[in-house]
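What follows is each chain in one-letter form.
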Amino acid sequence: MRRTMRVIRTAPASRTTRTPGGRTGPPPLTYLPFRERPLRRLPQLFTGLALYGFSAALMVRAALGLNPWGVLNEGVAGRTCLSFGTVTAAVGVLVLLLWIPLRQRPAFGTVANIVVVAGSSDLGLLLVPEDLGLPARAGLFAAGALLNGLSIAVYVGARFGPGPRDGLMTGLAAVTGRSIRFVRTLIEVSVLVVGALLGGTVGVGTVLYALAIGPVTQFFLPRCACRTRAEADAPRGPLDS
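Here goes a summary of the coordinates provided. Think of each chain on its own: its residues are numbered from 1, step by step along the sequence as written. pLDDT decides what is reported in this predicted model: residues at 70 or higher carry local features, side-chain atom pairs at 80 or more are listed and counted, and totals for whole chains, interfaces and linings draw on all residues regardless. The side-chain numbers reported here are obtained from all heavy atoms of the structure, hydrogens and water having been left aside.

## A closer look at the packing of aromatic side chains
Counted only if it meets this: Any two of the Phe, Tyr and Trp rings considered here, Trp counted by its six-membered ring, make a pair once their centres fall within 6.5 Å; the pair's planes then place it as stacked at under 30 degrees, edge-to-face at over 60, or tilted in between. Charge over a ring is defined by NZ of Lys or CZ of Arg lying within 6 Å of the ring centre and within 35 degrees of the ring normal.
A full pass over the atoms with the stated rule returns 6 aromatic pairs. What links up through ring pairs into an aromatic cluster is the set Phe34, Phe46, Phe108 and Phe160. In this structure, arginine 178 is placed above the aromatic ring of phenylalanine 182, and the distance from its NZ or CZ to the ring centre is 4.0 Å. Here the basic side chain of arginine 223 rests over the ring of phenylalanine 219, its NZ or CZ set 4.0 Å away from the ring centre.

## What about the nonpolar core?
Side chains of nonpolar character tend, in soluble globular proteins, to be buried together. For clarity, the threshold we go by: Only buried Ala, Val, Leu, Ile, Met, Phe, Trp, Tyr and Cys residues count toward a nonpolar core, and they belong to the same one when joined by side-chain atoms within 4.5 Å. Only protein chains enter the accessibility calculation, which uses a 1.4 Å probe; a residue whose area is less than 20% of its type maximum is buried, one above 50% is exposed, and one in between is partly exposed. Secondary structure elements follow DSSP: runs of H or I no shorter than four residues count as helices, runs of E no shorter than two count as strands, and numbering proceeds from the N terminus.
Judged by nonpolar contacts, the single largest core of 26 residues is most densely connected at Leu45, Leu49, Phe141, Ile152, Tyr155 and Tyr209. The set of elements that each furnish at least two residues to this core consists of helix H2 (38-62), helix H5 (108-127), helix H6 (134-157) and helix H9 (204-224). Broken down by element, this core gets its largest block of residues, 9 residues, from H6. Core analysis: the second largest hydrophobic core is formed by 19 residues, Ala77, Leu96, Ile114 and Val183 among them.

## With respect to a nonpolar patch on the surface
Test applied: What makes a patch is a set of residues exposed beyond 30% relative accessible area and free of salt bridges, joined within 9 Å when like-charged and within 5 Å when nonpolar (Val, Leu, Ile, Met, Phe, Trp, Tyr). The accessible surface values rely on the Shrake-Rupley method and a 1.4 Å probe; as for residues, cover is taken only from the protein chains in view. Each reported salt bridge corresponds to a side-chain nitrogen of Lys or Arg within 4 Å of a carboxyl oxygen of Asp or Glu.
A surface patch of nonpolar side chains, amounting to about 370 Å² of accessible area, comprises Tyr31, Phe34, Phe46 and Phe108. Looking at the element boundaries, phenylalanine 34 is found in the loop between strand E2 (24-25) and H2. Taking the relative accessible area as the measure of exposure, phenylalanine 34 reaches 39% and is therefore partly exposed.

## Observations concerning the pattern of salt bridges
Tallying each qualifying case throughout the model produces 2 salt bridges. Between glutamate 130 and arginine 61 there is a salt bridge; the shortest N-O distance is 3.9 Å. Of the two residues, glutamate 130 sits in the loop between H5 and H6 while arginine 61 sits in helix H2, which places them 69 residues apart along the sequence. Assessed through its relative accessible area of 52%, glutamate 130 is described here as exposed. Between glutamate 188 and arginine 184 there is a salt bridge, with the nearest N and O atoms lying 2.9 Å from each other. Separated by 4 residues within a single helix, glutamate 188 and arginine 184 lie in helix H8 (residues 180-197), roughly one turn from each other. The class for glutamate 188 is buried, based on a relative accessible area of 0%. Arginine 184 gets classed as buried once you look at its relative accessible area, which sits at 2%.

## Examining the environment of leucine 64
For clarity, the cut-off: Whether two residues are in contact is decided by their heavy atoms, any of which lying within 4.5 Å being enough.
Inspection of the secondary structure assignment puts leucine 64 in the loop between H2 and helix H3 (68-78). A residue is classified by how much of its surface remains accessible, and leucine 64, at 19% relative accessible area, is buried. As for leucine 64 and arginine 137, which are separated by 73 residues in sequence, their C-alpha atoms are 7.4 Å apart. Setting aside chain neighbours within four positions, we find leucine 64 in contact with Leu134, Arg137, Ala138, Phe141, Gly203, Val204, Gly205 and Thr206.

## Let's talk about empty space enclosed by the protein
Note the threshold: Every definition here rests on a 1 Å grid over the protein atoms only: cavities are sets of points where a 1.4 Å probe fits but cannot get out, pockets are open sets enclosed by protein on both sides within 12 Å along at least five of seven lines, and lining residues have some atom within 4 Å of a point. Grid points are joined across faces, edges and corners, and a volume is the space filled by probe spheres set on the points. Put simply, Ala, Val, Leu, Ile, Met, Phe, Trp, Tyr, Cys and Pro go in the nonpolar bin, Asp, Glu, Lys and Arg in the charged bin, and everything else, Gly too, in the polar bin.
Applying the stated criterion to the full structure yields 1 cavity of 30 Å³ or more. In terms of lining, the largest cavity is formed by Tyr52, Ala56, Asn67, Trp69, Gly70, Asn73, Phe84, Thr88, Val117, Ser121 and Arg165. Per-element tally for the lining of the largest cavity: the top contributor is H3, with 3 residues. The residue inventory of the lining of the largest cavity, partitioned by class, reads 5 nonpolar, 5 polar and 1 charged.

Dropping the structure here:
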């Protein structure tokens, strides 16, 4: 009996999460200490961030309508003398203020997100040519949208702390108990409205992206999330559906 009580007492309650449906499982989006498998997680973090910025550049060059955050960034850039990448970084800093009521904390990955995404998006705009034909632009946008959802899952799954926009996503999902796909879609549509009012480029691709990015991220995220051994052995969590 004493041994049984000891096992129950040492089971870490913080390793499981209960969803509105009553399932329990590990919280794969929580921050992991830097010392936890850094050689595995650091390359994943920076690869995901670089791909995110590059995918944003692909959608800009496709000229079929930016993703909602791109619409916002372009709208702000058009009203200022700042570059697209600089505005991306500045908006990221401002979004951090929305973390306060959600009790989210910036981490290494948050800072890396602001710096790397800004640089990789500007670099992508230099590398990808403009004035392409419609078939090439359609291919660019499709590749950019898919790569964008995958890259979010890659760098968030590294668990060094989400970027500003993704911390807003995960924070709202945790507070409301709603799925990543629902929360992400709600955020994207809201940002799209603000960006359009500021004069950002809105097209058919913008609407498709706003509706698709949540499900795409939801699909890739559990497949890219780095887990501890204890979490890997635990029941399926809320992001695994």
